[in-house]
Amino acid sequence: MIGPRHTPWARLVKTAVALATLGLVTLAVLWELHVDLGELSTRPLLPAVSLTLVAIIAIRVGLWLGYRPSPRPATLPTLTVVIPAYNEGPGVTKTIASLLASDYPRDRLRVIAVNDGSKDDTGAALDAELTRLLALGEDRLEVIHLPRNMGKRHALHAGFQRATSDIVATIDSDSIATPSTLAELMAPFAEAKVAGVAGRVMVWNRYKNVLTRMLHVRYLLGFDFVRAYQSRLGTVWCCPGALQAYRLDVIRPHLDAWLHQRFLGARCTNGDDHALTNLVLSLGHDTRYQSTAEVFTIVPETYVRLCKMYMR
């Protein structure tokens, strides 16, 4: 069972942050009104810098406090979910199962799993799962095998090229979706200007040790604060590859350029989610964050594995 949302704690934290910000703003205003603040009154540079930082924080907090997820639409678009997989083994079938168990309309959902030239039994596990599902009458899964390990962009590109739906989404092969994840992820697309949506990625193994608890806090800040206030401006800077969705007709004409993106002459092998998000924004569309669209992912439990995750 997936863990609770801890709504009372979320409200308490929001209240505490709002009060702290209000206190900082009050101090800044007092300084501007030349109220005697002791030594701060004789050092104008420090209060000036502090006032600027407080103003930035206050704006972000204000946007964050006003964030609300989009309501779930009555009619859902056709959707293709692409799962890039490399050396995940049978574990990728859990991700597939969570998607097919979604409450999304059956005739409007398709899942494409792309085996990126895995060296373990990922390919065999995907083929076995496809055979098993077909025997049960489940035909919404498609499996693609790349001839060799070509990188996540190539895996996603292969899936995107096979999609024919209104919306295309991606989810990591080590993540688990809730039954309502996909439908909630579609909610912001009810607005015509929205072409990219970021989901909420949470830590599955958050209680394992101190490191996983710290990563849980980092994820909370990255999604429920940063992406929440960015969403109010319609400019979420990065829709995460672990759960993101785009209008296919918006990104399809630019997929080849995205696949072969270069920076200072070097081919870009990471940052695929940043690049897709920037593409959507550069075309004049909005990107949003939907906090009710959740996936749970397993994070590294040791510092060495954490370093490898960030370095790759």
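Scope of this entry: the structure provided in the associated data block.

**Here's the deal with the overall build of the protein chain**
A tally of helices and strands in the protein chain yields eleven helices and ten strands. In the protein chain, once contacts between residues fewer than 6 apart in sequence are set aside, the share between residues at least 24 apart is 82%. Surface accessibility of the protein chain: about 16,300 Å² in total, with carbon and sulfur atoms responsible for 62%.

**Regarding the pattern of salt bridges**
For the structure on display, the rule yields eleven salt bridges. Among the ionic pairs, Asp 224 bridges to Arg 200, the shortest N-O distance being 2.7 Å. Of this pair, Asp 224 sits in helix α7 (residues 210-232) while Arg 200 sits in strand β6 (residues 194-203), placing them 24 residues apart in sequence. Accessibility expressed as a relative area gives 7% for Arg 200, which makes it buried.

**Quick word on the packing of aromatic side chains**
Taken as a whole, this structure holds seven aromatic pairs when the rule is applied. Ring geometry for Phe 160 against Trp 258: centres 6.0 Å apart, planes inclined by 35°, an arrangement best described as tilted. Here Phe 160 is found in helix α5 (residues 152-162), whereas its partner Trp 258 is found in helix α9 (residues 255-259), with 98 residues between them in sequence. You'll find Phe 160 and Trp 258 in the same group, each marked buried. Note on Tyr 219 and Phe 223: the rings are 6.3 Å apart at their centroids and 40° apart in plane angle, and the pair reads as tilted.

**Focus: a nonpolar patch on the surface**
Residues Leu 53, Ile 56 and Ile 57 make up a contiguous nonpolar surface patch of roughly 250 Å² in combined accessible area. Within the secondary structure, Ile 56 is located in helix α2 (residues 45-65).

**Things to note about the packing of α5 against helix α10 (residues 272-282)**
At a closest axis distance of 10 Å, the pairing of α5 and α10 adopts a crossing angle of 50°. It follows that α5 is oblique to α10 by the angle criterion. Contacts between α5 and α10 involve Lys 152, Arg 153, Leu 156 and Phe 160 on the former and, on the latter, Asp 272, Ala 275 and Leu 276. Of the residues in the contact of α5 with α10, the class split is four nonpolar, no polar and three charged.

**Considerations on the nonpolar core**
Among the nonpolar cores identified, the biggest contains 76 residues, and Leu 79, Phe 160, Met 186 and Ile 251 are the most heavily contacted of them. Considering every element that reaches this core, the biggest residue donor is β6, with seven residues. Here Met 186 is in contact with Pro 73, Leu 76, Pro 77, Leu 79, Tyr 104, Ile 167 and Ala 245, once residues within four sequence places are set aside.

**Digging into the side chain of Ser 173**
Tracing the chain through its elements places Ser 173 in the loop between β4 (167-171) and β5 (175-177). With relative accessibility at 6%, the residue Ser 173 sits in the buried group. Looking at Ser 173, its side chain comes within polar contact range of the main-chain oxygen of Pro 84, at 3.4 Å. In this structure Ser 173 touches Ile 83, Pro 84, Ala 85, Glu 88, Gly 91, Val 92 and Thr 95, once residues within four positions along its chain are discounted.

**Description of the pairing of strand β3 (residues 141-145)**
Taking burial as the measure, the five residues of β3 include four buried ones, the bulk of the element. In this sheet, β3 lies alongside strand β2 (residues 109-115) in parallel orientation, the contact comprising five bridges. Paired with Ile 112 across the bridge in β3 is Glu 142. Handedness of the β2-helix α4 (residues 122-135)-β3 crossover: right-handed.

**Describing the state of the cysteines**
Enumeration according to the criterion identifies zero disulfides in this entry. Among the cysteines around Cys 238, which has no disulfide bond, Cys 239 carries the closest sulfur, lying 6.9 Å off. With a relative accessible area of 7%, Cys 238 lands in the buried category. Take Cys 239: its relative accessible area is 0%, and that puts it in the buried class.

**Topic: the sheet that holds strand β1 (residues 79-85)**
Taken in spatial order, the eight strands line up as β3-β2-β1-β4-β7-β6-β10-β5 in an open sheet, and their pairing is mixed. The open sheet has two edge strands with one neighbour each: β3 and β5. Strand-to-strand twist across the sheet, computed as the mean angle between neighbouring axes with direction ignored, equals 30°. Across eight bridges, the pairing between β6 and strand β10 (residues 286-297) is parallel. Within β10, the position partnered with Arg 200 by the bridge is Glu 294. In the packing of α4 onto the sheet, contacts are made with β1, β2 and β3, and the angle to β3 comes to roughly 155°. Together, β6 and β10 form the strand contacts of α7, whose direction differs from that of β6 by roughly 160°.

Criteria and cut-off values
- Numbers given to residues run from 1 along each chain, matching the order in which its sequence is written.
- At least 70 in pLDDT is required for a residue's local features to be given in this predicted model, at least 80 for side-chain atom pairs to be given and counted, and no such filter applies to totals for whole chains, interfaces and linings, which use all residues.
- Side-chain figures throughout are based on the complete set of non-hydrogen atoms in the structure, without hydrogens or water.
- The way it works is that DSSP assigns letters per residue, a run of H or I at least four long becomes a helix, a run of E at least two long becomes a strand, and they are numbered from the N terminus.
- Throughout, a residue-residue contact means that at least one pair of heavy atoms, one from each residue, lies within 4.5 Å.
- In these tables, accessible area is a Shrake-Rupley quantity obtained with a 1.4 Å probe, and a residue counts as shielded only by the protein chains included in the view.
- What makes a salt bridge here is a side-chain nitrogen of Lys or Arg within 4 Å of a carboxyl oxygen of Asp or Glu, nothing more.
- Relative accessibility thresholds used throughout: buried, under 20% of the residue-type maximum; exposed, over 50%; partly exposed, between the two (1.4 Å probe, protein chains only).
- Put simply, two rings from Phe, Tyr or Trp (the six-membered ring, in Trp's case) pair if the centres are within 6.5 Å, and we call them stacked under 30 degrees between planes, edge-to-face over 60, tilted for the rest.
- Within the patch definition used here, like charges are joined within 9 Å and nonpolar side chains (Val, Leu, Ile, Met, Phe, Trp, Tyr) within 5 Å, considering only residues with over 30% relative accessible area and no salt bridge.
- Between N-to-C directions, angles span 0 to 180 degrees; the directions come from axes that are lines fitted to C-alpha atoms, helices contributing only their stretch in contact.
- By definition in this entry, angles of less than 35 degrees are roughly parallel, angles greater than 145 are roughly antiparallel, angles of 65 to 115 are roughly perpendicular, and the rest are oblique.
- Three residue categories are used. Nonpolar comprises Ala, Val, Leu, Ile, Met, Phe, Trp, Tyr, Cys and Pro, charged comprises Asp, Glu, Lys and Arg, and polar comprises the others, including Gly.
- Each nonpolar core is a collection of buried residues, namely Ala, Val, Leu, Ile, Met, Phe, Trp, Tyr and Cys, held together in the definition by side-chain atoms within 4.5 Å.
- Counted as a polar contact is a pair of N or O atoms within 3.5 Å, where, for protein atoms, one must be capable of donating a hydrogen and the other of accepting one, and residues adjacent in sequence contribute only when both atoms are in side chains.
- A pair of strands is labelled paired if DSSP reports no fewer than 2 bridges between them.
- A right-handed crossover is one whose linking path, passing over the helix from the first strand to the second, runs clockwise when the strands point away from the viewer.
- Any two cysteine sulfur atoms lying within 2.5 Å of each other are counted as a disulfide.

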